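One letter stands for each residue in the lines below.
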Amino acid sequence: MDTPTLLTHFRTHDVPLELSRGGEPVWDDAELHRNARLSDPEGYALLALVPGALPWQRARVLLETLAASRDGLGEATRAP
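This structure is a prediction, so every number in the text was calculated from the model and none was measured.

Considerations on the nonpolar core
Consideration 1: Of all hydrophobic cores here, the largest spans 10 residues; its members are Leu6, Leu7, Phe10, Ala36, Tyr44, Leu47, Ala48, Val50, Ala53 and Val61.
Consideration 2: At the level of secondary structure, the elements contributing two or more residues to this core comprise helix H1 (3-12) and helix H3 (41-47).
Consideration 3: Here the element with the most residues in this core is H1; it accounts for 3 residues.

See below:
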């Protein structure tokens, strides 16, 4: 995951989420989010907490993380 590039994107890419006619969330940078989550699930989830991240980007991180459920997260992260 290219953290500096992703942080810049989270702070500057101010395009809202949309809902398809079927009610599914759609966003233009879904591939970027998916790749970041796949390369470092825990680090990706934490990036939503970085000061300056736009609300749309925080929502994308939440949706991407929830969509993937807890796959890829370590045992300690999943523990209550």
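Now that the structure has been shown, we can carry on.
What about the confidence of the model for the chain?
Consideration 1: The predicted model of the chain averages 88 in pLDDT, with 91% of residues at 70 or higher.
Consideration 2: For the chain, helix H5 (residues 75-78) is the element with the lowest average pLDDT, namely 71, and H1 is the one with the highest, namely 95.

Description of the packing of helix H2 (residues 30-39) against helix H4 (residues 55-67)
Consideration 1: Running from amino to carboxyl end, H2 crosses H4 at an angle of 55°, the nearest separation of the two axes being 10 Å. In terms of orientation, H2 lies oblique with respect to H4. At the point where H2 passes H4, the crossing takes the right-handed sense. Residues His33, Arg34 and Arg37 of H2 form the contact with H4, whose own contacting residues are Gln57, Arg60, Val61, Glu64 and Thr65.
Consideration 2: Residues of the contact of H2 with H4, tallied by class, amount to 1 nonpolar, 3 polar and 4 charged.

Describing H2
Consideration 1: Listed in full, the buried residues belonging to H2 are Ala30, His33, Ala36 and Arg37. End-on view of H2: buried residues confined to an arc of 135°, all on one side of the axis.

Focus on H1
The periodicity of an α-helix, 3.6 residues per turn, causes residues three or four positions apart to be oriented the same way.
Consideration 1: Residues Leu6, Leu7, His9 and Phe10 constitute the buried set of H1. Buried positions in H1, seen along its axis, are confined to an arc of 160° and lie on one side of it. The exposed set on the far side of H1, more than 90 degrees from its buried face, consists of Pro4 and Thr12.
Consideration 2: Tucked inside the fold, the buried residues of H1 contact H2, H3 and H4.

The rules we used
- Residues numbered from 1 in each chain as written.
- Predicted model: local features only at pLDDT ≥ 70, side-chain atom pairs only at ≥ 80, totals over all residues.
- Heavy atoms only, no water.
- Core = buried A, V, L, I, M, F, W, Y, C linked by side-chain atoms within 4.5 Å.
- Buried < 20%, exposed > 50% of the residue type's maximum accessible area, 1.4 Å probe, protein only.
- Helix = DSSP H or I, 4+ residues; strand = E, 2+ residues; numbered from the N terminus.
- pLDDT = per-residue confidence, 0-100.
- Axes fitted to C-alpha atoms, helices over the stretch in contact; angles between N-to-C directions.
- Parallel < 35°, antiparallel > 145°, perpendicular 65-115°, else oblique.
- Left-handed = near helix turned anticlockwise from the far one by under 90°.
- Contact = heavy atoms within 4.5 Å.
- Nonpolar A, V, L, I, M, F, W, Y, C, P; charged D, E, K, R; others polar.
- Arc of directions from axis to C-beta.

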